[in-house]
Every structure is written in structure tokens, then in C-alpha cells.
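Spelled out from the first residue to the last, the chains are:
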Amino acid sequence: MTKSTRKWLLGSMMVAVGLIAAGYFFWRAAERRAVAEASMPAHPRLAGQPAELSQRIRACEERIRAGADAIGALAELSRLYHANGHYAEAGQCYRGLLRLDPSNPRWSHRFATLVAGYGRLDDAVGLWRRTVSLAKDYIPAQIHLADSLLKLNRSAEASNLYKTVLKREPDNPYALLGLARVAMDARRWTEARARLEAAVAKSDYSVGYDLLVDVCEQLGDTRRVQEIRSRNKVSGAFFDIPDPWLREIYFDCYDSYQLSVVGGTAAREGDLSTGLSLVERAVSLEPNNGLYHFQAATLYKQSGNLDRARQELETAVKLAPDLADAWGNLFGLLSTLGQTGEAWQVLTNGLVHCPDSSSLHFLRGRALLAANRLEEAIPDFKQAAAARPDEASSSFALALIYSSLGRGVESRAALQAALIAEPGYPPALCTLARDYIVGGDEPNARSLMQKVLDQPRVPPQERLKLEQAFQQKFGRKPSPL
């Protein structure tokens, strides 16, 4: 074979290989396009939703049919459907993405949340197992998987997963809560309590405290039960573990209310930047809704942007003049900025628009009290107390005013009213106990002192002062009757 023949053969082979590669590439591209097209759902009813949503859905479908970016377009389509409440359509997109992009754990994770929401926990478990195998460090998926296994009474598997999370994050409150539930199911109350105490301590009582009450009751620890209930006046709702992969889809949401909820949750969980961005999106979608401007103002204030917070509050009271909280927050912000005259004008305007607002009457009463205009403050505190009979602060403020004015009988009645509103309200307990001690009423003083001693929210130094005053007055310690 001549040298020129060898060159020709080598060139021909390279061309053939190139043609085969190109053919395979185009075949794969055609296959991807076919799978993506088959994964496009039929259009759901979009009546009442913004036209931009429909336009973006159609644009994604056109990109899929063109085949240039089938996976990217189908991913966007899944977000549009999922974030806007079209879950069946989102699920169809996720099935396609699992075939087209099998190494991306987001698809199985998001699909699992939808499937679990329909109660199909066995299917969700399979999807979350796939997620965990692809993203071993993504803790929200591990927690969701463990929670689902626990609901399916597969406690041993769930327990192992929770322990795996704790190896990476020893103080994770959701894993601690999960292990506590495992222990509760087995009636291992002491173990459950230890896990729950750790969970509430780490989460500042936002995770697990309701269950801790149940466990302490089982163990007969009534003092701890009272302490928990006193610390948390109203039982809180359970919040799922923060989930960035799920939250990020809401930047494609067109439901202002949903954006407000998700944004508020993000901010509460410490992701203030994402929370503010989502609420700003809600504002952009409904610029004439004062509630969203008020929420944005709250988050701007948390971020330290007081000028923008003021702008949003001023917009909120213009758009929603009956929103008492917006007036109250604007008053507070202006007061903080030292703009006392403007703050008073805002409070006056707020009460014109919201004459029955207990919060605004309380704010005006407190401002008058601070200015030593005691008689003028009384009507505001009375109205605030009448409007919110389950809150003690207004009655307690009245008690202080009456005491300063030398109206002892009315002061004591206001303290008793405060304790009817909130039986464990520490300032009223301590003040009334001191009143009985000074007045030499030993039986009532002893009764109140017992309540003081049982109230964990009373500062230790205040408790000690009252005990010393009681012993000095009556010559004995404030033991129970």
C-alpha cells in the first residue's frame, strides 16, 4: 500500500467517525426533543392568572419543539406549573426530566414533595431515596425521607436516617424531633424528653415544644409543662425544614399571596435576602395591595434599610388606610428616627382611619404615659384593654397610672384585671404581690408569692427581692398555706 493510499484511508476513516459521531449527536438530540415533547402537559385552565404566565408556558413549549434547549425549557416549564399550583402538570414535567437529566437531584426531590402531598408516601420514599443517593449532603431531602418512613411505621429506617443527619449536624432540631417521635412511639419518655429539650433549645422553641408538653405530662413534670406554656402563650404551628431547592421555584410564581407566604417563611427562617426578593415580587405583581407593601416594609426594616421601610409604610397607609398595623409601625419608625412631630401626626391620622384599633390606642396611651400626661392616657388604655380582654399590658399600664395618681383601689383592680387577662403575667404578679406585702395582707401576699415562685418568667432577682420583703414584713418565708 502506497503512502498516498494510507493517507486516503486514514482520512476516510476520520470522516466516517465524524459522521457517526454527528449522527449519534443528532439522534440523541432528536430523542431528547421527543421525550421533552411527550412530557409537555396539556394546557390547564389559566383563567384569572396573569397573561405573562401563559406566554412563558408557550415560549417553553416552542423551545422544546425547536430542540435547542429541551432540558432547560422543560425545567422552566416544571417550575412554572409547580410554583403556580398546577401540580399534575408539574409532575408530568418531572417524569420527563428524570429521564432526560437523571443525575440532577432537584427533579426527584421536587417531584417527591408533590407525590407526598397526595399521600402517596411509598412513591415519595422512592423518589427521596434517589435524591439522597445523588445529593448525600442535602439534609432537607434526608429529613423528608426519614419523616415519610416514620409515617409508614418503618421506625428503624427512619431512626438511622435521623442519626445520619446528626452526624453531620449534631444540633439539627428536625432530626432531634424525628428521634423524639421514634422514642415516643416506643414509649421511651425519658429519651424523648432529652431529644425534645435539645430541639426546642436549638430552635428557640419553634420546633418540638408542643410534643415536649405531651412528654412532660407523661413524666408527671407539671412544673416544666407550666413553664413551657407560660413561655409560649399560643401553640405554634409546625414548620417544615427550610428547603432552598423548593423555595427557589417561587421566583417563577405569579400568585402574590403565595409569594407573600413563602417570602415571610424564608425571612423567619433566616434567609432575609430571599424572603425580601419574593415579597418584592408580590409587590410588583400587585402594586396596589397595601398588605404587601407593609410586609416589604417589615423586611426592609429587618435588613436595616429604614428609608425604604418608611417609603413602603407610607405607601401601605395610603393604599390600605384601615390597616392599623401599618400606621403603628410607621409611628414607631418615625419615633425611632427622632421625628416626633411627624410620628404624632401619623398616630392621629391612624386613629382617624382606625378608631377602634386597640394597638393604636395602646401606642397613644404609652406615648402619653411617657410624656407624663397620665390622665390623658387613661381613656386610651381603657379602650385597648376592652378591645383585647386576653392581653394584660393595657390593664397593667392603667394600674401604674392609678398608682402614680394615688388611686390605690383602682390600681389594685387594674392589676387583678391584668391577671384575669393573663393569669401568669409576671409584671402584674410581682406588683400585686408587693402591694399585698406593703399593705400587710399576709394571706393574699402568700397566695400571690406562690404564683410568683411558680412562674418561670419572673426574673430571679425580682423573685428574690419579693421573698426578702415578705420575710422582713411577716417574719417568715412565703411558704404555701
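Preceding block: the structure.
What you see is a predicted model; the values in this text were computed from it and never measured.

Chemist: So what exactly am I meant to see when it comes to the pattern of salt bridges here?
Modeler: Between side chains of opposite charge, a pair can form when the charged atoms approach closely. Overall, the coordinates contain 31 salt bridges when judged by the stated rule. Residue R56 is joined to E76 by a salt bridge in which the shortest nitrogen-to-oxygen separation is 2.9 Å. One end of the pair, R56, is in helix α2 (residues 51-66); the other, E76, is in helix α3 (residues 70-83), with 20 residues separating them in the sequence. The partner of R308 in a salt bridge is E312, and the shortest N-O contact between them spans 3.3 Å. A residue pair is termed a helical-turn pair when its members lie 3 or 4 positions apart in one helix, as R308 and E312 do in helix α17 (residues 306-319) at four residues. By relative accessible area, which is 7% here, E312 ends up buried. Shared partners join several salt bridges into a network, and the residues in it are R56, R63, D69, E76, R79 and D252.

Chemist: What's the story with helix α16 (residues 290-302) in this structure? I'm lost.
Modeler: Note: α-helices contain 3.6 residues per turn, so residues at a spacing of three or four share the same orientation. With 13 residues, α16 extends 19 Å from end C-alpha to end C-alpha; this agrees with the ideal 18 Å at 1.5 Å per step. Here α16 has its buried residues at G290, Y292, H293, F294, Q295, A296, A297, L299 and Y300. Among the structural elements, α14 (256-268), α15 (272-285), α17 and α18 (324-336) are those in contact with the buried residues of α16. The backbone nitrogen of L291 lies 3.0 Å from a side-chain oxygen of the residue at the head of α16, namely N289.

Chemist: Before we go on, may I ask you to explain the packing of helix α24 (residues 426-438) against helix α25 (residues 442-454) in this structure?
Modeler: Between two packed helices, both the angle of their axes relative to each other and the distance between the axes serve to describe the pair. Between α24 and α25, the shortest axis-to-axis distance is 8 Å and the interhelical angle comes to 155°. Considering their axes alone, α24 and α25 lie roughly antiparallel with respect to each other. You can see that α24 and α25 cross each other, and the crossing is left-handed. In contact with L429, C430, L432, A433, Y436 and I437 of α24, α25 contributes N444, A445, L448, M449, K451 and V452. Partitioning the contact of α24 with α25 into residue classes produces ten nonpolar, one polar and one charged.

What counts, and where the lines are drawn
Residues numbered from 1 in each chain as written. Predicted model: local features only at pLDDT ≥ 70, side-chain atom pairs only at ≥ 80, totals over all residues. Heavy atoms only, no water. Salt bridge = Lys/Arg side-chain N within 4 Å of Asp/Glu carboxyl O. Helix = DSSP H or I, 4+ residues; strand = E, 2+ residues; numbered from the N terminus. Buried < 20%, exposed > 50% of the residue type's maximum accessible area, 1.4 Å probe, protein only. Expected span 1.5 Å × (residues − 1). Contact = heavy atoms within 4.5 Å. Polar contact = N/O pair within 3.5 Å; in protein donor to acceptor, adjacent residues only side chain to side chain. Axes fitted to C-alpha atoms, helices over the stretch in contact; angles between N-to-C directions. Parallel < 35°, antiparallel > 145°, perpendicular 65-115°, else oblique. Left-handed = near helix turned anticlockwise from the far one by under 90°. Nonpolar A, V, L, I, M, F, W, Y, C, P; charged D, E, K, R; others polar.

Purely geometric stuff here, so don't read any function into it on its own.
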